[in-house]
Each structure stands twice: as structure tokens, then as C-alpha cells.
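Fold and geometry: a report
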Amino acid sequence: MTSHLSEKDMVDIIESPDLVSYELRQHLDTCQVCQNALDTQQKMHNMLYHLQVQPSNKNYAAILAKKLRQIPAAWLQDSVVYLAIGLLLIIGIYLITSGQQTGTDFWRMQSLKTTTEIQPNNRVLKTIATNISQVMHPLLSWLDAYIQLKLNSVTLIVFSMISLLFYYTIDRLIIRKKLELTFRQ
Amino acid sequence: MNEQELIAAMKIGDKYAFDQFINDYRDYIFTLSMRVIKKKELAEEITQDVFLKIYQNIETFKQASKLSTWIYSITYRTALNYLQQNPQQLQPLPEPKDQSDWTEHKNAWKQISALQDSQASEGLAEHVNIQHILWKGIDQLPYVQGVVITLYYLNQMKIKEITDVIDLPVNTVKTHLFRGRKELRRILLTQFETEDLI
Ligand SMILES: [Zn+2]
């Protein structure tokens with residue numbers, strides 16, 4: 001005689017009685033313990049089968065609908081974030097590049113300072129400072145050029161983003177208007 | 001409007017679609033929240049939170065998955081988070097004052113039992129009192145069992161779908177379903193001092 005049906009078996013049998021394996025069926029036919037357990041489960045299942053929803057407060061739906069209307073939709077919130085990021089980028093790039101001193105200018109000044117201000121007898125320090133300036137100067141020239149280039153690409157990206165966002169908003173407004181008309185019918 | 005159209009309309013922020021959505025789901029979300037929270041006012045608050053979350057995250061919903069699974073996992077997680085943050089809500093059940101409610105139900109049960117020969121179990125289950133009795137009994141179960149029973153019977157979900165909602169393995173869900181039914185029966189038999197159910 002095979003072992004008793006497991007809890008899992010009972011759940012499976014009630015869910016799909018037609019799919020019970022031959023072994024389980026055979027055991028079930030001869031075992032009063034399993035028959036009783038299954039009968040108990042089946043009775044509770046029959047009662048629960050017609051379980052109905054518990055109604056929530058009616059007014060609360062209206063309150064909620066009102067509350068939802070007051071919150072800007074997620075996509076609108078996203079749009080605001082994109083716009084803010086775009087604006088910040090523009091401002092940042094403007095600040096970096098519009099100052100009177102670019103990176104190159106700054107290091108050229110430093111280079112002059114070190115050669116004139118550091119005492120002539122402190123040769124080691126002077127050599128180090130001069131070397132740093134000499135290394136930094138071409139590096140910064142390159143960075144300056146990069147920033148100029150980046151400004152162009154960032155402007156391009158921000159401009160495309162704003163255009164896309166504009167298109168997206170208009171597109172949604174149109175679809176929305178259409179749907180609102182549909183719902184009213 | 002079918003589910004796909006409803007989601008599409010909600011994704012573009014349509015108010016009417018959301019109104020329909022609220023009407024379709026509020027009682028189901030509330031009923032599921034009740035199983036975890038077990039207090040009407042709090043469950044309504046959870047329901048509001050769930051709707052706000054859905055409203056704000058509908059963009060991220062993938063059409064490939066089922067809307068109901070997504071909604072009920074949000075509901076379950078929101079209610080569970082609430083419980084974790086307010087563990088004092090996890091009071092041992094049943095509460096003493098509930099006994100008087102059972103007395104009231106006991107009378108209803110006697111009337112229902114008297115009908116059993118002449119009426120099919122289906123008609124009986126439609127009886128409004130039996131709904132109260134069942135929910136009352138379910139609320140005496142550990143909340144996971146109550147949630148599994150609710151998802152399985154009320155929301156007509158498959159075991160596999162339930163595992164997605166409550167994030168437990170298939171066999172564990174089956175065990176909860178089995179033990180929930182068994183324990184619910186024991187509760188009802190004890191409360192109604194009867195030897196068998198309909
Ligand atoms: Zn057996």
C-alpha cells in the first residue's frame with residue numbers, strides 16, 4: 001500500500017480531478033483516511049468557491065478619484081525632471097565656458113607665477129612647479145577644446161530632448177483628447 | 001474597454017480610464033488588504049496608497065504580464081510593509097469582542113443549515129450571511145493563508161500566479177491553501193458547534 005496523499009496532492013486533485021495519477025486514484029479508492037481528508041477539503045472548497053468581494057466605502061472611491069486628479073501624472077513629473085536636467089546642463093556648460101578664464105588661461109597664469117614668484121635659489125621647487133605647469137598646459141588646452149566640442153554636442157542633445165518631449169506631450173494630448181471623446185459616448 | 005485598452009488609456013494619463021479602473025478594482029484591493037491588515041479603516045488607507053502607486057507607476061507596467069498579478073503584488077507588498085512598520089497591528093486573533101459577532105452569525109448559520117436540503121450549495125453561498133461568516137473565519141487564519149485563499153477563490157488566480165504575487169514557491173502556496181481550508185473548517189465547526197459543514 002502506497003503512503004497517504006500529501007497536502008500538495010490533495011490541492012492538485014481538487015484543482016484538476018481529471019489529472020489524478022493512477023497510483024493516487026488507487027490509493028484513494030482504498031484509504032478511508034485520505035478519503036475523509038479529501039472530503040473535508042472538497043466541502044470547504046465548495047463553500048469558498050463562491051466567495052464574494054467585501055465592499056469598501058462608497059464615498060472613498062470619490063475621494064480617491066479626486067485625490068488622484070490632483071497629482072500630476074507620472075509622465076508629467078518625468079517631463080519636469082528631464083527639463084530640469086536639460087536646463088542644469090545648459091547652465092553648467094555656460095558657467096564653465098563663459099568665464100573669462102578657461103582652463104588653458106588659468107594654467108598659463110600659474111606657469112608665469114611660478115617662474116616669477118618662486119625664489120631663484122629654491123631650484124628644486126621651481127623645477128617641479130614649472131614641470132607641473134608645462135604638463136598641465138597642453139592637457140588643459142586639450143580639455144578646453146573638448147569642452148568646446150562638448151558644448152556643441154550637449155546643446156544638440158538638450159535641443160533634441162526638448163523637441164522629443166514637445167512631440168511626446170503633443171502626441172499624448174491628442175490621443176487623450178480622442179479617448180476622452182470615446183469615453184463620453 | 002478591455003484590460004489592454006484600459007492600460008493603454010491609463011498610460012497616457014486618461015482620467016476616465018482611471019475612474020473605471022478604480023471602480024473595477026477598489027473592492028478587490030480592499031478585500032486583499034483586509035486579509036493582511038484586518039482593520040477596515042487601515043485597509044482603506046492601504047487601498048488608497050495602492051491606487052496612488054499604480055497611478056504613478058503605470059508607465060513601468062509591462063503589457064506582457066497580467067494586470068491583476070501586478071496590482072495584487074503591489075497591494076500585498078504595500079500591506080506587508082505597513083505591517084512591518086507597525087508591528088503592533090499584528091495582534092493575536094481572535095479579539096475577545098469578536099465573540100458577540102459569532103453569536104450573531106451562529107443564528108444565521110442555523111437558518112442557512114436548515115436550508116441545505118432544499119437548496120444547492122451554490123445558492124447557499126450566495127446567501128449574504130455566509131459571506132460574512134466566511135470572511136470572519138478567514139480573518140482568524142494566519143494572514144498568508146487568508147491571502148492565498150482570497151487570491152485563489154475571490155480573484156480566481158492560478159497557483160502559479162499566486163506565487164508571483166506573494167513570492168513563495170508553488171508547494172508552499174499549496175500548503176497554505178490546504179492548511180487554510182482545513183483550519184477554516186475547524187474554526188467554523190467550533191464556532192457553530194456542529195459536526196459537519198454543508
Ligand atoms: Zn491514505
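Just so we're clear, the structure is a prediction, and the values are computed from it rather than from any experiment. (Residues numbered from 1 in each chain as written. Chains lettered and ligands numbered in written order. Predicted model: local features only at pLDDT ≥ 70, side-chain atom pairs only at ≥ 80, totals over all residues. Heavy atoms only, no water.)

**Some details on the overall build of chain B**
A count of helices and strands for chain B gives ten helices and zero strands. Counting from the amino terminus, helix and strand elements in chain B follow one another as α-α-α-α-α-α-α-α-α-α. Counting only residues that meet the buried cut, chain B has 54% of its 198 residues in that class. Restricting to contacts in chain B with at least 6 residues of sequence separation, those with at least 24 account for 64%. With an accessible surface of roughly 9,200 Å², chain B has 49% of that area assigned to carbon and sulfur atoms. (Helix = DSSP H or I, 4+ residues; strand = E, 2+ residues; numbered from the N terminus. Buried < 20%, exposed > 50% of the residue type's maximum accessible area, 1.4 Å probe, protein only. Contact = heavy atoms within 4.5 Å. Areas by Shrake-Rupley, 256 points an atom, 1.4 Å probe, with all protein chains shown as cover.)

**Remarks on the confidence of the model for chain A**
For chain A, per-residue confidence averages 73 on the pLDDT scale, and residues scoring 70 or more make up 50% of the total. Between the elements of chain A, mean pLDDT differs from a low of 61, seen in helix α6 (residues 103-117) of chain A, to a high of 94, seen in helix α1 (residues 7-15) of chain A. (pLDDT = per-residue confidence, 0-100.)

**Some thoughts on the packing of aromatic side chains**
Residue and element names in this part refer to chain B. Applying the stated rule across the entire model yields seven aromatic pairs over all chains. Ring centres of Phe21 and Tyr25 lie 5.0 Å apart, and the angle between their planes is 40°; on these two criteria the pair is classed as tilted. With Phe21 and Tyr25 both in helix α2 (residues 15-37) and four residues apart, this pair spans about one turn of that helix. For the pair Phe21 and Tyr25, one class covers both residues: buried. Grouped by ring-pair contacts, the aromatic residues Phe18, Phe21, Tyr25, Phe51, Tyr55 and Tyr72 constitute a single cluster. (Phe/Tyr/Trp six-rings, centres within 6.5 Å; stacked < 30°, edge-to-face > 60°.)

**What to know about the layout of surface pockets**
By volume, the second largest pocket amounts to about 240 Å³. Lining the second largest pocket are A:Ile14, A:Glu15, A:His45, A:Tyr49, B:Tyr152, B:Tyr153, B:Gln156, B:Met157 and B:Lys158. When residues of the lining of the second largest pocket are traced back to their parent elements, those giving at least two are α1 of chain A together with α8 (143-154) of chain B. (1 Å grid on protein atoms, 1.4 Å probe; cavity = no way out; pocket = protein on both sides within 12 Å on 5 of 7 lines; lining within 4 Å. Points joined across faces, edges and corners; volume = space filled by probe spheres on them.)

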